[in-house]
Protein chains: 2
Amino acid sequence: MTTPIGIGIVGYGNLGRGVEKAIALSPDLQLVGVFSRRDPLAVKTAGAPAYALADLDAHADEIDVLILCGGSRSDLPVQSPELAARFTIVDSFDTHPKVPEHFAAVDAAATAAGTVAIISTGWDPGLFSINRLYGEAILPQGSTYTFWGRGLSQGHSDALRRIEGVVGAVQYTLPAESAIERVRSGEQPELTTREQHTRECFVVLAEGADAEAVRNEIVTMPDYFEPYDTTVNFISAEELARDHQGMPHGGFVIRSGESSPGVNHTIEYKLALDSNPEFTSSVLVAYARAAARLAAQGDTGAKTPFDIAPGLLSPKSAEQLRAEIL
Amino acid sequence: MTTPIGIGIVGYGNLGRGVEKAIALSPDLQLVGVFSRRDPLAVKTAGAPAYALADLDAHADEIDVLILCGGSRSDLPVQSPELAARFTIVDSFDTHPKVPEHFAAVDAAATAAGTVAIISTGWDPGLFSINRLYGEAILPQGSTYTFWGRGLSQGHSDALRRIEGVVGAVQYTLPAESAIERVRSGEQPELTTREQHTRECFVVLAEGADAEAVRNEIVTMPDYFEPYDTTVNFISAEELARDHQGMPHGGFVIRSGESSPGVNHTIEYKLALDSNPEFTSSVLVAYARAAARLAAQGDTGAKTPFDIAPGLLSPKSAEQLRAEIL
């Protein structure tokens, strides 16, 4: 066994906690500590030492890769370039339209510093993106479909909670079964995101609230619910607490195409995740291993999952992989 | 548009014909010709010029990559090292236990010659292998399952045809639905290949043959059928010719694992292919593009799909991929 790869976690929300768990399952990785903007004494980890983010440089010798666990809206656009100027990093930046801008900022920092930065790991962007790519490269004549769900939607849950008479709520996005079946059949239908998904709401009413009025306000809410087939279920506060605390997610990428007239093929990639953040963390950790290896080879600059050979993600050697799972 | 990548096809059976079709769907690739051990005048292509294999060197200037379309049993073990000593190549070598040996022979030739050789592309080995790798790298605590089918099995079809009283037959291997459901549930059952698959036979009887005797001989045939749940259907010669001339195949790779106690995730990759050889050809062609790029970058030696970054398979630039499908 070679020296373990030293990992620092930046940010300790759901993702950071997931990364701590995932590192515990990887004997070739060693967790140096959690680095937080909060007072380290207030950060309750599952065992990792907690440090102030400002003390990062004091641990530079132990850290091979920083895993950035902040949000894509305000944390990563600042932290990824800033930290890539001092460390090899991975992030799960997931604001699709801003990827080119984020890549450019991180690439400039990493190239100047001679570090490696793998951005937008996770599952979408990430594993789903890779499957979209393989699908269209192998079957250039065809259509790609991405379905999300069954998964908790934070934004839509918030919209429900703002309705008068609602004291608690969650919203799940579901892939529409009828749309999936049409895609699987090889028909290559034209579908909008709206036609591909349905919405399921679980709502706790305030004492005395009018259920039908609330239901009507939900299903007619423009953009959020009106365009979708939306189901509203009223439940008790106890049921909400008992059955809806998880953060499940998942979905499908389906490529349907033909290699010659009338000869159809379907490639389907499906994730069913008990915990969106824990799975995303597991992906981040595998890409941290790849980042450490690229940095050790002298590679530099920003990368995405498209640039990372699959073998770099595995703790096994190339020989072992060829013999065991090729 | 840059200069197209020049491709030579070596061998013109089902795979070679599929490669010719796949290249026609890729404007960045240009087919130089089909190179065959047969008399070129006897090789009826869909339009590509046919040449004698012995004349390969006369076309060396036009050829960036050779796609080897021979069989894994006797063609590729000889041709891949021999041709890698003169050209950048891709093959679909699929004898799993002999991969290390094949890799070593091809690597020695390619490294000495300064060429690139990507071996064992296709779907298993190939895309299925990549999914086994991603699955275990991301969810190190879990189990991986590979199911094949519904697909035509050549060896089992041949075994049926050797039975007295049988004048024609095909055999399809099917994944056992009950086993798939257990795996999808996250139960992580221990399953043998036999428990994972069932067998379906379509048999044309000779005039006067005893159907029950034939059925009994099939379902009790050791190794081939006895250990499996086997269904035998008797059909007419017309039905065999009409309904069973295709070479469908496919299957699943499922990784089921947990990121922390009780938090389960399932990753499922599924192929449903109208034509096994045409799809394999489509994969070979995408890897030929990657091989040409690696060779242009000065890379050398043998590679497998584990060593190839996904982005190298796509005709799109890295910028385009990040903006469009990440």
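For the structure itself, consult the block above.
In this convention, every chain numbers its residues from 1, walking through the sequence in written order. Chains and ligands are labelled sequentially in the order written, the chains with letters from A and the ligands with numbers from 1. Predicted model: local features are reported for residues with pLDDT of at least 70 only, side-chain atom pairs are reported and counted for 80 or more only, and whole-chain, interface and lining totals are derived from all residues. Values reported for side chains reflect all heavy atoms of the structure, with hydrogen atoms and water molecules removed beforehand.

Caption draft 1: Structural view of the packing of aromatic side chains. Residue and element names in this part refer to chain A. Think of it this way: a Phe, Tyr or Trp ring, Trp meaning its six-membered ring, pairs with another when their centres are within 6.5 Å, and the plane angle makes it stacked under 30 degrees, edge-to-face over 60, tilted otherwise. Per the counting criterion, the structure on display carries 12 aromatic pairs over all chains. Consider the rings of Y172 and F202, whose centres lie 5.8 Å apart with planes at 75°: the pair is edge-to-face. A residue pair is termed long-range when its members are at least 10 positions apart, and Y172 in strand β9 (residues 166-175) and F202 in strand β10 (residues 197-205) qualify at 30 residues. A single burial state applies to Y172 and to F202, both of which are buried. To qualify as a helix, a DSSP run of H or I must reach at least 4 residues; to qualify as a strand, a run of E must reach at least 2; elements of each kind are numbered from the N terminus. Exposure categories follow from relative accessible area, calculated using a 1.4 Å probe and restricted to protein chains: below 20% of the type maximum is buried, above 50% is exposed, and the middle band is partly exposed.

Caption draft 2: The sheet that holds strand β5 (residues 89-90) of chain A, seen in detail. Residues and elements named next belong to chain A. The pairing criterion for strands is at least two bridges between them, as found by DSSP. Taken in spatial order, the seven strands line up as β3-β2-β1-β4-β5-β6-β14 in an open sheet, and their pairing is parallel. Looking at which strands have only one partner, the edges of the open sheet turn out to be β3 (50-52) and β14 (301-303). Summarising the sheet, strand β4 (residues 65-68) and β5 pair through two bridges and their orientation is parallel. Residue L66 lies in a different strand from β5, and its bridge partner there is I89.

Caption draft 3: Local environment of the relation of the copies chain A and chain B. Fitting of the copies onto one another was done by least squares over C-alpha atoms, counting residues only where both copies have pLDDT of at least 70. Placing chain A over chain B gives an RMSD of 0.1 Å and needs a rotation angle of 180°, together with 0.0 Å of translation along the axis. Here the two chains are linked by the operation of a two-fold rotation axis. For chain A, the residue whose C-alpha comes nearest the rotation axis is A:A309, separated from it by 1.9 Å.

Caption draft 4: Spatial organisation of the environment of B:R17. All names here are of chain B. By secondary structure assignment, the location of R17 is in helix α1 (residues 14-24). Residue class for R17 comes out partly exposed when judged on its relative accessible area of 37%. Expressed as a C-alpha distance, the spacing of R17 and R194, which sit 177 residues apart in the sequence, is 33 Å. Pairs of N or O atoms are called polar contacts if they sit within 3.5 Å, as long as, within protein, a hydrogen donor faces a hydrogen acceptor (for residues adjacent in sequence, only side-chain-to-side-chain pairs). Polar contacts involving the side chain of R17 include one to the side chain of N14, which spans 3.0 Å.

Caption draft 5: Structural view of the sheet that holds strand β3 (residues 50-52) of chain B. All names here are of chain B. Taken together, the seven strands give an open sheet; going across it, the order is β3-β2-β1-β4-β5-β6-β14, and neighbouring strands pair in parallel fashion. Edge positions in the sheet fall to β3 and β14 (301-303), since each of these pairs with one other strand and no more. Neighbouring strand axes in the sheet, compared pairwise and without regard to direction, differ in orientation by 25° on average. Pairing of strand β1 (residues 5-10) with strand β2 (residues 29-36), which is carried by six bridges, proceeds in the parallel orientation. Of the residues in β2, the one forming a bridge with I7 is L31. Helix-sheet contacts for helix α3 (residues 99-113) involve β5 (88-90), β6 (116-118) and β14, and the interaxial angle to β14 is about 140°. For helices, the fitted line uses only the C-alpha atoms of the stretch in contact; every axis is such a line through C-alpha atoms, and the angle between N-to-C directions lies from 0 to 180 degrees. Only heavy atoms enter the contact rule, under which two residues are in contact if any of them lie within 4.5 Å.

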